[in-house]
Amino acid sequence: MNQYIFNSVKEYPDMIKIKLYREPLVVPKTVAKHKRRKPEENPIPADSSIHRTRNMIEDLCICNQFDWFCTFTFDPSRVDSFNVDKCRRLMNHWTRNAKQRHSPDLKYLIVPELHESGRIHFHALLRGFNGQIKDAHLTQNGRKVYNIKNWRFGFSTAVKIDNIEAVSRYIRKYITKDMILLSGKKRFFCSQNLIRPEKSSNAVLDWLDRVAPSKVEFYTNGDCEYYQVRKFDIPFDPKTASQSTLKGLKI
């Protein structure tokens, strides 16, 4: 028997997003969730894969409320910035050192960007970074710019984040088809200690009618309706809601 999905819900620390299907989404029972797709069998279209990656980045940004937006570049006289694998290794080496030396609770989300020349650099969102920074005596959109002192492979900048949603939109734009040039590597990498939204489907949504319409963000796209509600606008205890009313089938 097929499974019918009527809605899907993402629950964030302080917000709930709902996707309501106007026509139920049919999931054949024969499709096993644990079955791995072989590369040569039904590959995921590039546009769909990019869209999914961008959504994952948005989810991680919303759930973790990063403190710093950083850019790490490589000095061509010291590092071959055309060598993607080597640059990734150096970036990973830096995050490991940061966790071991001064920032044990460091959270990070790092997205590579390929310049038109083919050189690579990285944009990073950080939380819990306790390393040394210094004033760069510059401003960027009215914000002070700092340099990270122990980035020794090139140039770095760090700016305090005051609008994580704007930063999420900014960093998502780097997830493009050009990232295929990264030799099949992940389009971004992140620390294991990041919070992720809880996902469910076919949740009971009667509570949504009791939220003041002015407190609900609503839009449509294709055959779906989308709702977004802040938890403090829900007219009952969010903890109770998250344990019962909002839950459906895990997805």
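First, a word on scope: everything that follows refers to the structure included in this document. Here, residues in each chain are numbered from 1, in the same order as that chain's written sequence. Thresholds applied to this predicted model are a pLDDT of at least 70 for local features of residues and 80 or more for the giving and counting of side-chain atom pairs; totals over whole chains, interfaces and linings are not thresholded and use all residues. As a rule here, side-chain values come from all non-hydrogen atoms in the structure, and water together with hydrogens is ignored.

A helix here means a DSSP run of H or I that spans at least four residues, while a strand means a run of E at least two residues long, and both kinds are numbered starting from the N terminus. Residue position: aspartate 105 is located in the loop between α2 (84–101) and β4 (107–114). A sequence separation of 24 residues divides aspartate 105 from phenylalanine 129, and the C-alpha atoms of the two residues are 7.9 Å apart. Beyond its immediate stretch of four places on either side in the chain, aspartate 105 contacts Arg127 and Asn193. Throughout, a residue-residue contact means that at least one pair of heavy atoms, one from each residue, lies within 4.5 Å.

Let us look at the pairing of strand β7 (residues 143–148). Note on pairing: DSSP must find at least two bridges between two strands before they are called paired. The pairing of strand β6 (residues 133–140) with β7 spans six bridges and is classified as antiparallel. The partner of glutamine 140 across the bridge, within β7, is arginine 143. Once β6 ends, the chain turns through two residues before running back antiparallel as β7, passing asparagine 141 with a positive phi of about 55 degrees. Where β7 and strand β8 (residues 156–160) come together, two bridges link them in antiparallel fashion. Its bridge partner being in β8, valine 145 is matched across the sheet by valine 159.

Turning our eyes to something else, we now look at the side chain of glutamine 228. Looking at where glutamine 228 falls in the secondary structure, it is placed in strand β12 (residues 224–230). Glutamine 228 has contacts with Met15, Ile16, Lys17, Lys215, Val216 and Glu217, leaving out every residue within four places of it along the chain.

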